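Structural description and commentary
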Amino acid sequence: MQSQNFVLKFQKELCETCPTYDCLTRCQYLNIDTKTAEREIRKLLNGEDSFVLHECVTCYACEEYCKRGNHPFYLITDLQEKKGILPAPKPIVKQWVNLGIPDKKDIPHFYGAEEPVISLCLFPDFVDSISGKLFQGVSIVLGRHFFCNLVYLHFGKPSLIRERLPKIIENIASHGFKEVVFFHDECYSTFTSYADAYDIKVPFRPVHLFEYLYNRLKELKDEIKPLNVRIAYQRNCSTRLTPEKEHYLDKIFELLGVERVERKYDRENALCCGGIIRALQKLELFVEVQKKNVEDMKKAKAEYCVFNCPACYSSLAERVRKEGIKPIMLHQLCKLALREEPR
Amino acid sequence: MDKIYKALAEIVGEEFVSNRKEELYIYSRDSGLSEPRFPDYVVMPRTVEEVQKIIQLANKEKIHVVPAGASLSLSGLTIPQKGGIVIDMRRMDRILELNRKGRYVVLEAGVTQGKLQAFLEENAPDLCHSLPEAPPSATVVGNLVIHGQGNLTQAYGFNSSMISGLEVVLPNGEICRIGSCSLSPYWFSIEPLPYLAGLFLGWFGTTGVITKVGLRLYPKKKLRDVELFVLEDPKLVSEVIYRVTHTEMAEDITTVAQPYPLMFQGTIMIGIYLTGDTEEELEFKRRLIWSSLSELIKAKEGGFMALTPDMKVGFLEKPMSSLTRSADILKGGGFVYCGAIIPIEKFPEALKKLFEIAERNGVTFAHTGRVIGRGHCMMFAFAYPFNRADLERMEKAKRALFDSYVATLEIGGVPWKPGAEEQKLILERMDKNSVELIKRIRELLDPNKIMNPGNWEVEL
Amino acid sequence: MSMELHRCFRCGWCKLPSDFVDYNCPSYAKFRFESFSPGGRLWLIRAWLNRELTWSENFAKILFSCVACKNCAEQCKMRFKDEIVDWITSAKSLAIEKGLAPPKVRDFLENIAKHGNPWGLPRAQRASWLDLNKFEGEEDLLYIGCECAYEERGQKMAKNVIELFKIAGLSFGTLGNEEECDGNEAYMLGELGLFQELASKNTQKFKELGVKKVITISPHAFNAMKKYPNRDFEVLHFTQLLLELIQKGKLKLSELDLTVTYHDPCFLGRHNGIYSEPRKILKSIPGLKLVEMKRNKENSFCCGGGSGNFVFDLLGGSESPARLRVREALNTGAEILAVACPICKAMFEDAVKDEASDLEVKDIAEILLRSAERI
């Protein structure tokens, strides 16, 4: 099957008339002043080479910083690919490309799954944790035929997303699901922001885990025992693509009786977990970013560090634990409040 | 009653000798693909004197003797090629001495890797020995006599070069000590005496039975971590190893190339282990290692892989159970490998041969390897899992294995722990005077030709 | 028999505990021939089934000296690990079916079938020593089990448990002479027909009497009853209940100046995952110091009595598992080796005598009783 040639809905004039260039000036990793930003953005708009394309850590944040609804990050990744600029070494990219190849061996086998259905993306290790009152009656789907592929934004291979995505969408739709809850934020953001930016039709309603958890917790409100702990929240990269669902998070924390500590590196100022920075081989930056982030959590006297993304958990949990802060996934925190043993 | 059986029972006690078919069956084969050959007796001595008496008996009765550890070589080295007595050494499992400041232990030949590991964990947690990726049930001496490798091999060479003393029962039944222990109560060094240890290492039990060994221990740091450097181009492997070994910051350096899981296909992973007593030490070493490879990273030719905590646990396990588990890849309880000792620059050639051999024979394959010394050479394993219940697959794996031995020799390498058949391949290619020397040494030490016949057997 | 015996690589992880301190397969530790290791045994079973080897007395010994302690399954690194014990049991089953089992094993099973106990002792003797009302709808049924009913040391253990239950004011009864063997050893020896018969007899009897909760003294009975098909009663090991009684304040404990080491029985520990309750009981006794043997919990080294070996004892001798274990207990400096199983108790008491050791073997109930009685 020949995939369609999806084109980014990008409005050049929005950038040309931008008074702030927030996308670049607010970047936490490149240190760009307004004058430089203006110059580099013009280059990008003209499809020319820019140091931004080489040094971008692919944290997605500029998508959120842009208040004019444009897609600076998608533009950057498209240009990286066009110019053959690989943010990571070739073999690393190769492994990631291999990782998502839908294999014959894992032909979709979830035809018995019934809504409500939750997709675990490529995180089989979390199957056991989708249990208890929060997830009663929920069917699980996962595997490479449900894998959103958005990760290739990090590796200068966005066309691979567009190539694989229609088949993934077709597979999900062929199961007859009208709504799918996405455990991985990146999946949700793919089927909303990314698909929309490239006019890829999604014939089901993507539901974010936050929305699901919030609704379930409301139903279970009487059984919640407030946790009364201070938590630092670790925002993940793809959440920058869909900040509109974030209000659920504060409502969840309120229901759980936890205090999301005020700290420097939360919300729009959030720092990358470091995982991708390391994958892009920037060791010093990785160490520095994690250090800044965790020290900020400590300063704010957080007892827990709550993660939404399993990949963030994987790269930051150990570091956080070493500083005496307990790392925990959001749904596991909810389980704690319901007095269920997190598995 | 059988005269030899009776004599053996008198030596070790009736409980520890057998000529019953079940024991003979089990000791007639190992977990590899070598043809079974039945022993006549299996015996389990407890002391060096008992070993001595067994050897004396064997000389008297002109019966063959095969010393065995856990029989885990996978190349049939303890299968009695010509029958006789298999001596299972594992009742001699005492750890006799720990010299902490001098960093060595003295142990009997039946001590398992696991037992020594546990002993050090308890009695000298800041010391370790060079642990091979064998199951913990393997014996320490078994690994030493075949010139095995371990996690400290990159820093200190073959495990057999870490021996600081030996006690051996010679083929004529004499007990002989080698190294400082031959003239002093201390087992600290083989050198500076005439290098007699060489008469017993790599000879697969054809020159005597090792009963005790002094083994060097090394600093064990509190923290251990691993980085995986990934390449596509096999030609760059030697460059990476050269640079990393130059830093002298790595503990173990290993290589992996395999078609599954799919993620790994087409890439080569170089496992770089680092250790430190503090986070600072560890991070210091990590930085030096990363920076030694910065040019390759910059050129986008290679990079460090992100490891999930679960993956790390698997890589840091000592020994790695995942290697044992690879025997079940085909749900069939087996794998064999040819461990080629090769110059590191031969890596691309070896890998190419591996792909060709696997394709030609229609077998699944995997490669693992380990750097020996500071890049002085490496062990390159051509590994093939097989299914023990599938004769055709076993036959194919056997052919692939044989081809790998040939390939090893063709690229100028030396096969490690070759089986009886493969030893012949080596002897055919070996310098004639060297072969003659092997022959003369064997004749001199073992005039009755009782020791593990069929191995290093020279028929000129 | 559907077995994938060929998948065993004979790598030998199964012989050891997780920290590798010593051989942890009782029959291998005793005999030391590779043929007596789990892997050797599996390869020999395969050879027997493939007709490469014929049945022999030695093979029978190899097969039936497996005590089903489950160390192999605990330590095996392969994906089929949970099937290993079943494979060995299946081979035992086949041997019994073909009439090949050694006479001692055959007698053991025949006695259970005929007399309801492995020794072939009269049924009337089962509860003759027991001074307790028969179950009449009390809250709990105390299941005594063959080892406690007929064996002097077991009887003592049962009396200790009963005494504690009385102190705690528990409402309970027993089945007296009407008690039937629990069938655990029949199950582990592969005599599944007999096991099912016993299971159904027991289940039926419990149903008739309206039993809702069964407390077993032996972990073997606990294990067997957990496997009963259509079980509609709860089953607890006595240590679970004792801990509950302590936690509810039903047993008041006084100080005991003792150093104790605890031996995990295989059918409580590895087979059923109960490690903490017995330890919590001991730690709740003021003044009592609990010290661990090197091999504990998942790594516990079996007493050698499982799968009928407490009767036919194929593992006896100077290097028997029980004697090796007693030496290990002595190394902890403990004066008491605490047990939670009547079979372990008997095995270790014999071993202590053979070793001429000062170590005292006591069941947890006895230790607890000493602490509770002083109030």
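Treat the numbers as computed from the prediction; the structure is a model and nothing was measured.

1. Let's talk about the sheet that holds strand E17 (residues 366–372) of chain B
Residues and elements named next belong to chain B.
- Strand order in the open sheet formed by eight strands is E15-E12-E14-E13-E17-E18-E16-E19, with antiparallel pairing between adjacent strands. At either end of the open sheet lies a strand with only one pairing partner, and these are strand E15 (302–304) and strand E19 (414–416). Taking each pair of neighbouring strands and ignoring which way they run, the sheet shows an average axis angle of 25°.
- Two elements, strand E12 (residues 223–231) and E15, share three bridges in a ladder whose sense is antiparallel. By the bridge assignment, Phe229 is partnered in E15 with Phe304.
- Contacts from helix H7 (residues 237–247) reach E12, strand E13 (253–257), strand E14 (268–276), E15 and E17 within the one sheet, and its direction differs from that of E14 by about 10°.
- Packed on one face of the sheet, helix H12 (residues 347–361) meets E13, strand E16 (333–342), E17 and strand E18 (377–387) and runs near 10° to E18.

2. So, the nonpolar core
- One finds Leu213(A), Val43(B), Ile54(B), Ile87(B), Val240(B), Tyr384(B) and Phe348(C) to be the most contacted residues of the largest nonpolar core, which totals 372 residues.
- With eight residues, the single largest contributor to this core is E18(B).
- Those residues in contact with Val43(B), other than ones at most four positions away along the chain, are Leu8(B), Val12(B), Phe16(B), Val17(B), Ile54(B), Ile85(B) and Ile87(B).

3. A word on the domain arrangement of chain A
Residue and element names in this part refer to chain A.
- Domain boundaries assigned for chain A yield domain 1 (12–82), domain 2 (90–212) and domain 3 (221–337).
- Computed from C-alpha coordinates alone, the two centres of domain 2 and domain 3 are separated by 23 Å.
- Facing the 19 residues of domain 2 at the interface are 18 residues of domain 3.
- Elements with a minimum of two residues in the side of domain 2 that touches domain 3: helix H9 (185–197) and helix H10 (209–219).
- Per element, the largest residue contribution to the side of domain 2 that touches domain 3 is seven residues, and it comes from H9.

4. Observations concerning the interface of chain B and chain C
- Across the boundary between the two partners, chain B contributes 33 residues, which contact 30 residues of chain C.
- At the level of secondary structure, the elements contributing two or more residues to the side of chain B that touches chain C comprise helix H2 (21–26), helix H4 (113–123), helix H11 (321–325) and E16 of chain B.
- Take the side of chain B that touches chain C: its biggest share by element is five residues, from H2(B).
- When grouped by side-chain class, the residues that make up the side of chain B that touches chain C number 12 nonpolar, 10 polar and 11 charged.

5. Let's talk about helix H14 (residues 420–429) of chain B
Residues and elements named next belong to chain B.
- Turning to H14, its buried residues are Ala420, Glu422 and Gln423. Buried positions in H14, seen along its axis, are confined to an arc of 155° and lie on one side of it. Exposed residues lying more than 90 degrees from the buried face of H14 are Glu428 and Arg429.

6. Thoughts on the interface of chain B and chain A
- Listed by partner, the interface residues are 22 residues for chain B and 21 residues for chain A.
- Per element, the largest residue contribution to the side of chain B that touches chain A is three residues, and it comes from E15(B).
- Classifying every residue of the side of chain B that touches chain A by side-chain character gives 11 nonpolar, six polar and five charged.

7. A look at the sheet that holds strand E2 (residues 41–43) of chain B
All names here are of chain B.
- The strand order across the open sheet formed by four strands is E1-E2-E4-E3, and the pairing between neighbours is mixed. The open sheet terminates on both sides in strands that have one partner only, identified here as strand E1 (17–18) and strand E3 (65–68).
- With respect to the sheet, helix H3 (residues 48–61) is in contact with E2, E3 and strand E4 (85–88), its orientation differing from that of E4 by roughly 170°.

8. Structural notes on helix H8 (residues 152–167) of chain C
All names here are of chain C.
- Between its terminal C-alpha atoms H8 stretches 23 Å, which fits the 22 Å expected from 16 residues at 1.5 Å a residue.
- Along H8, the positions that sit buried rather than exposed are Arg153, Gly154, Met157, Ala158, Asn160, Val161, Ile162, Leu164 and Phe165.
- At the C-terminal side of H8, Gly169 shows a positive phi close to 70°.

Cut-offs used in this document
- Residues numbered from 1 in each chain as written.
- Chains lettered and ligands numbered in written order.
- Predicted model: local features only at pLDDT ≥ 70, side-chain atom pairs only at ≥ 80, totals over all residues.
- Pairing = 2+ DSSP bridges.
- Helix = DSSP H or I, 4+ residues; strand = E, 2+ residues; numbered from the N terminus.
- Axes fitted to C-alpha atoms, helices over the stretch in contact; angles between N-to-C directions.
- Contact = placed C-beta atoms within 7 Å.
- Core = buried A, V, L, I, M, F, W, Y, C linked by C-beta atoms within 7 Å.
- Buried ≥ 20, exposed ≤ 12 C-beta atoms within 10 Å, placed from the backbone.
- Domains from an automatic or database assignment.
- Nonpolar A, V, L, I, M, F, W, Y, C, P; charged D, E, K, R; others polar.
- Arc of directions from axis to C-beta.
- Expected span 1.5 Å × (residues − 1).

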